[in-house]
Structures are given as structure tokens and as C-alpha cells.
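Structural characterization, general
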Amino acid sequence: CRDSNGELHKFDSQWRDPDCNDCSCSRSGISCCTGYATPVGYDEEKCVSIFNKETCSYKVVEKDNHSKECPVHEWVG
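What comes next is a walk through the structure. Remember, predicted model here, so these are calculated numbers, not experimental data. (Residues numbered from 1 in each chain as written. Predicted model: local features only at pLDDT ≥ 70, side-chain atom pairs only at ≥ 80, totals over all residues. Heavy atoms only, no water.)

Evaluation of the coordinates by the stated rule reveals 4 disulfides. Covalently, Cys-20 is tied to Cys-56 through a disulfide, its sulfur atoms 2.1 Å apart. On the S-S bond that ties Cys-20 to Cys-56, the torsion sits near -75°, and the link is left-handed. Taken as a pair, Cys-20 in the loop between β1 (14-16) and β2 (21-26) and Cys-56 in the loop between β5 (47-52) and β6 (57-62) lie far apart in primary sequence, 36 residues in all. According to the relative accessible area criterion, Cys-20 is buried, its value standing at 1%. A relative accessible area of 10% places Cys-56 in the buried class. At a sulfur-sulfur separation of 2.0 Å, the disulfide partner of Cys-47 is Cys-70. A torsion of -90° about the S-S bond marks the disulfide between Cys-47 and Cys-70 as left-handed. Of the two residues, Cys-47 is situated in strand β5 and Cys-70 in the loop between β6 and β7 (75-76); the sequence distance between them amounts to 23 residues. There is no split in this pair, since Cys-47 and Cys-70 are both buried. (Disulfide = S-S within 2.5 Å. Helix = DSSP H or I, 4+ residues; strand = E, 2+ residues; numbered from the N terminus. Buried < 20%, exposed > 50% of the residue type's maximum accessible area, 1.4 Å probe, protein only.)

Moving on: the sheet that holds β2. Reading across the sheet, the 3 strands line up as β1-β2-β3 and stay open at both edges, with antiparallel pairing between neighbours. Each end of this open sheet is capped by a strand with a single partner; those strands are β1 and β3 (29-34). Pairs of neighbouring strands in the sheet enclose a mean axial angle of 20°, with direction left out of account. Note that β1 and β2 share 3 bridges and pair antiparallel. (Pairing = 2+ DSSP bridges. Axes fitted to C-alpha atoms, helices over the stretch in contact; angles between N-to-C directions.)

This is the structure:
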């Protein structure tokens, strides 16, 4: 299988791409899905979600003080 970056992958292999998608290669082609959960149940007026591409994860913090995390009640992914 050849991915969108032109890199070849062996059949039955799995990898995480630079955009944090979990991908696999089979004889029928490449399949990818997000490899992280997205926060949706938090106070969006007081807080902001920040994506860390190195860890492929979100952190939800107060808009005025990024050192204070906000509670998240629901994640989708």
C-alpha cells in the first residue's frame, strides 16, 4: 500500500501517520481513523482545548490560565 505521503507499507502492517491517524494496510487498501479522542463535554466559554501533535492528545485548560485544567465530561473518537 502507498500512503498519501508516497510511503510504501507492507500488507497487514499498522502505523500512526504524522496527523495522528492510526492506519493499516490490507490487500483491499489502506484504512485510517483518528488515533485520539476529542473533548466535547466541557465549558467552552471558560475553557479551550489544545491539541498536542507530539502526544496525539488534547488538553482542556482555562482560557485565562493554561496551567489550570478543566473537567471534561465527554470525549469522542
